[in-house]
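Take a look at the letters that make up each chain.
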Amino acid sequence: MELNVKGILIAVFSYAIIGVFHPIVIKCQYYFTDRVWPFFLVAGLLFLAGSLFAGDTASILLSITGAACLWSIRELREQTERVEKGWFPKNPKHK
């Protein structure tokens, strides 16, 4: 009996990708405010487009990364709200 571990590996990489994006969103909001959202839009669309041409597992990972980029647009706005509520530090250089 041969075990198929591809699903478990994809789950681990999905968890890692999502985990990496959490601090990225926080840092981007702190240094650039939520006006950096177009970068996430372009990156997300490029990852999704790349997934159309990639192989089996790479396509899945590129799609997950693209979706995480697109989801980060919403998270940037929510992070701004968290900063305004005082839950996260505000960059004193931004008005």
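Residues numbered from 1 in each chain as written. Predicted model: local features only at pLDDT ≥ 70, side-chain atom pairs only at ≥ 80, totals over all residues. Heavy atoms only, no water.

Q: Where do I start with the packing of aromatic side chains in this structure?
A: The relation between two aromatic rings is expressed through the spacing of the ring centres and the mutual angle of the planes. Summed over the entire model, instances satisfying the criterion amount to 2 aromatic pairs. A ring pair is formed by phenylalanine 39 and phenylalanine 40, whose centres lie 5.6 Å apart and whose planes are at 75 degrees; its orientation type is edge-to-face. Taking relative accessible area as the criterion, phenylalanine 39 reaches 55% and is therefore assigned exposed. On the basis of relative accessibility, which here comes to 2%, the residue phenylalanine 40 falls in the buried class. (Phe/Tyr/Trp six-rings, centres within 6.5 Å; stacked < 30°, edge-to-face > 60°. Buried < 20%, exposed > 50% of the residue type's maximum accessible area, 1.4 Å probe, protein only.)

Q: Is there a simple way to think about helix 3 (residues 56–84) in this case?
A: The α-helix winds at 3.6 residues per turn, so residues separated by three or four positions along the chain end up facing the same way. With 29 residues, helix 3 extends 43 Å between its outermost C-alpha atoms, agreeing within 8% with the 42 Å of an ideal straight helix rising 1.5 Å per residue. Looking one or two residues beyond helix 3, the residue adopting positive phi is glycine 86, at roughly 90 degrees. (Helix = DSSP H or I, 4+ residues; strand = E, 2+ residues; numbered from the N terminus. Expected span 1.5 Å × (residues − 1).)

Q: Quick question: what am I supposed to make of the nonpolar core here?
A: Across soluble globular proteins, you tend to see nonpolar side chains buried next to one another. Ranked by size, the top nonpolar core spans 11 residues in total: Ile17, Phe21, Val25, Cys28, Val36, Phe40, Ala43, Ala68, Cys69, Ile73 and Leu76. Sorting the residues of this core by element identifies helix 1 (6–32), helix 2 (37–53) and helix 3 as the ones contributing at least two each. Setting aside chain neighbours within four positions, we find valine 36 in contact with Cys28 and Leu76. (Core = buried A, V, L, I, M, F, W, Y, C linked by side-chain atoms within 4.5 Å. Contact = heavy atoms within 4.5 Å.)

Q: Where do I start with the side chain of serine 59 in this structure?
A: As for its placement among the helices and strands, serine 59 is situated in helix 3. Accessibility expressed as a relative area gives 17% for serine 59, which makes it buried. Engagement of the side chain of serine 59 in a polar contact is seen with the backbone oxygen of serine 51, the distance being 2.8 Å. Residues in contact with serine 59, not counting those within four places in the same chain, are Ser51 and Ala54. (Polar contact = N/O pair within 3.5 Å; in protein donor to acceptor, adjacent residues only side chain to side chain.)

Q: In this structure, what is going on with the pattern of salt bridges? I would like to understand it.
A: Oppositely charged side chains can pair when the atoms bearing their charge come close. Inspection of every chain in the model, using the stated rule, returns 4 salt bridges. Lysine 6 is the partner of aspartate 56 in a salt bridge, and the nearest nitrogen-oxygen pair spans 2.4 Å. Here aspartate 56, found in helix 3, pairs with lysine 6, found in helix 1; they are 50 residues apart in sequence, far enough to count as distant. When its relative accessible area of 49% is taken as the criterion, aspartate 56 is described as partly exposed. Counted as one network, the salt bridges with shared partners bring together Arg74, Glu75, Glu78 and Arg82. (Salt bridge = Lys/Arg side-chain N within 4 Å of Asp/Glu carboxyl O.)

Q: What should I look at first to understand helix 2 in this one?
A: The terminal C-alpha atoms of helix 2 lie 25 Å apart, and with 17 residues this matches the ideal 24 Å at 1.5 Å per residue to within 8%. All of the buried residues along helix 2 are Phe40, Ala43, Gly44 and Ser51. Down the axis of helix 2, the buried set is contained in an arc of 100 degrees. They therefore lie on one face. Within helix 2, the exposed residues directed more than 90 degrees away from the buried face are Leu46, Leu52 and Phe53. Contacts made by the buried residues of helix 2 are with helix 1 and helix 3. (Arc of directions from axis to C-beta.)

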